[in-house]
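# Results of the structural survey
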Amino acid sequence: MKTIYKTTLYPALALLLGSCADLEMPADGRASYNDIFGQYERTSQYATSCMAYVVQPGLSIDGSPLASVCDEAHDADDYADGNISNYYKGAMSPLYNPIGDCWAHYYTGIRRCNTFLLYINDPEYCADTFREEEKQGWIAMVRVARAYYYLQLAKRYGPIPLLTIPYSTGHDYSTDRRASFEEIADFVISECQRALSTPEPTGTFGFRWNINDNERGKLTRGFAYAVMSEAALFAASPLNNNGGASKYTWDVATEITKEALDQCLNHGYELFTTAPAKTVAYSAYDYYCFTQSDPSRSVDKETIYESTAQMNVWMYCGLPTTAGQTRAGACPSQELVDCYETTDGQPVLNLEQPYLDSDHLKPNYNRDNTIYNPSDPYANRDPRFYGSIYYNGALRYLDGRKDQVETYVGGSSGISDDVNDRRHTRTGYYMRKFNNFRSGIDLAGDGYMAVYRLAELYLNFAEAAYHSAGPDVLVQSSVKGQALSARGALDAIRARVGMPALPRGLSKEQFELRYRNERRVELAFEEKRFFDVRRWKILDQTDGFVTGMKIDINYAGQYTYTRFKLMERLTNSDKYLLFPINQDDVTKMNDYTGENWQNPGW
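Throughout, a residue's number is its position along its own chain's written sequence, starting from 1. Predicted model: local features are reported for residues with pLDDT of at least 70 only, side-chain atom pairs are reported and counted for 80 or more only, and whole-chain, interface and lining totals are derived from all residues. Side-chain calculation: all heavy atoms of the structure are included, whereas hydrogens and water are not.

With that out of the way, let us pick up the side chain of Ser 85. Along the chain, the position of Ser 85 falls in helix H4 (residues 83-88). Note on contacts: a residue pair is in contact if any heavy atoms of the two residues lie within 4.5 Å. If near-sequence neighbours (up to four positions away) are discounted, Ser 85 is found in contact with Asp 77, Asp 78, Tyr 79 and Ala 80. Strands are runs of DSSP state E lasting at least two residues, helices are runs of H or I lasting at least four, and both sets are numbered from the N terminus onward.

In structure tokens:
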């Protein structure tokens, strides 16, 4: 279920000095803070509450993932009365964000963090009888949480107010301003570094690399490095690098992303390679995606931080042949399907110009690919394809039961253009990633989406490194770790599923195409692509529409494949690079400062 946070900026920020009614404290602020920070249990609870605003990715838009509002998928709710349909129609405005206005959500988290950091070291309020190791751990984790919240806000809204202490009742709002993305990145990275400078504890308290399974949700040092990696990557990207004048050059981003990767590798993180039984999953990749992590990392050593919200893909983005399914939800696009290489490592399409027409109906096939057959388009594809997408002829079950998915016209899960039919695919495909085929009305077996995982750190480093050093140059970080090239980072990810290494000697431009394709495939449906096309400033090329595949079957059982274009989306102009700021807040700050705080185009 989607939550839209309608609380506006300055009512939200007015809470920075607010009461702690949720802890049943008296209304007087001084008494409240004495009661909180003078008692161990309440201080511990307050610290934990500061970390409760980390995003819970998954099926967050009326049961659909963020993939539905980028070029990864087209939602079966395209014509239904609701947020997805409204987004496609371009109904987003400063008064209404159909995919979720998280401004007040994150600023509420920031308010809590600011309050904690202000009072935890104040002897007037804090009893200071806590274990020093634990206290410093709380402080470090709250700093990292606050840094994460600021990064998430900046990814969505660009320049934002940077607040580090609670507002006083007499605060002069006319002095407020929006900090640039570079300033936000400075703060995020410095706060994470400050937290990481806290000595690592030897016991079970404090800011640690390793936590227990019963500490799910606690922030770790790995989380801090992941935040730094993401912040550096976004700061160096075209959307945020001030036309190339930012201090966050690709050289700087390479240094930060390599250190983050090395530190995680040095502390036991590994790509998940546990081979499933053939009756359970296709590969370690899809097995990973529907298996909940264990925070102790006894089995899953890849996940850095995972959502606590289980994804009921079977119900909201499922096959209509599954009992209890209500929606087809995010139906994978033909553009995404085209991204999966064949098993020899060759792209199916020419990545430089994948289509010969503006409607994507005439594929420009890669002449070097000798095993792809347009008459049998789903054979011999990257194993991640089979674990991520249900296609015509896919085996729904892997345990011996014979049940092939039929997406052809008239099939049991056949494509539908009936605008009132929400249970059948719009594109000819269904989302399989995160879906355990055993899931259904009697068994919740689907996965949990990772907020951060090691594969993303490999990809972040690869992107920064090919920009700064080229695809094949080995890069060493300032910490102990193996020298690695951008190409080597991608090869590590590809090796997990048995895909061949990329060829040596690719130019920077050629490698960029392979890199972006690899990132799209590896992180499909994980809420990364939505932001990637924005920070690369290619939204106008990707989000105007997507296509699907209509399959007809004749009396002899032979298939005819026809690409078709779905509805135009009014969401690919430059103004959609950033979210609009709520109009009430913009009006207030215009009155206070005389400046227009709204994002361009809104």
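The set of residues buried in helix H19 (residues 583-593) consists of Asp 585, Val 586, Met 589 and Thr 593. Within H19, the buried residues cover an arc of 100° as seen down the axis, which keeps them to one side. Under this definition, polar contacts are N or O atom pairs within 3.5 Å; protein pairs additionally need one hydrogen-donor-capable and one acceptor-capable atom, and for neighbouring residues in sequence, both atoms have to be side-chain atoms. If you check the start of H19, you find a side-chain oxygen 2.9 Å away from the backbone N of Asp 584, and it comes from Asn 582. Looking one or two residues beyond H19, the residue adopting positive phi is Gly 594, at roughly 75°. When accessible area is computed with a 1.4 Å probe and restricted to protein chains, residues below 20% of their type maximum are described as buried, those above 50% as exposed, and intermediate ones as partly exposed. In this context, the arc is that of the directions from the helix axis out to the C-beta atoms.

Turning our eyes to something else, we now look at the packing of aromatic side chains. Classification of ring pairs uses Phe, Tyr and Trp, with its six-membered ring standing for Trp, and accepts pairs whose centres are within 6.5 Å; under 30 degrees between planes counts as stacked, over 60 as edge-to-face, and the remaining range as tilted. Evaluated as defined, the whole model comprises 45 aromatic pairs. Geometrically, the ring pair formed by Tyr 365 and Tyr 372 is tilted, given 5.6 Å between the ring centres and 35° between the ring planes. Relative to Phe 531, the ring of Phe 530 lies with its centre 5.1 Å away and its plane at 80°, an arrangement referred to as edge-to-face. Phe 531 shares its class with Phe 530; the two are buried. Our definition puts a charge over a ring when NZ of Lys or CZ of Arg is within 6 Å of the ring centre and also within 35 degrees of the ring normal. A cation sits over an aromatic face here: Arg 297 above Tyr 269, 3.8 Å from the ring centre. Here the guanidinium or amino end of Arg 535 rests over the ring plane of Phe 234, the centre of that ring lying 5.2 Å away.

Its location among the elements puts Gln 325 in the loop between helix H11 (313-316) and strand E3 (330-332). Taking the relative accessible area as the measure of exposure, Gln 325 reaches 5% and is therefore buried. Distance in space between the C-alpha atoms of Gln 325 and Ile 441 is 8.1 Å, their sequence separation being 116 residues. Excluding residues within four positions of it along the chain, Gln 325 makes contact with Trp 314, Met 315, Gly 318, Leu 319, Pro 320 and Arg 423. At 2.8 Å, the side chain of Gln 325 and the backbone oxygen of Gly 318 are in polar contact. From its side chain, Gln 325 meets the backbone oxygen of Arg 327 in a polar contact 3.1 Å long.

Bear in mind that shape data such as this cannot, by itself, settle questions of function.
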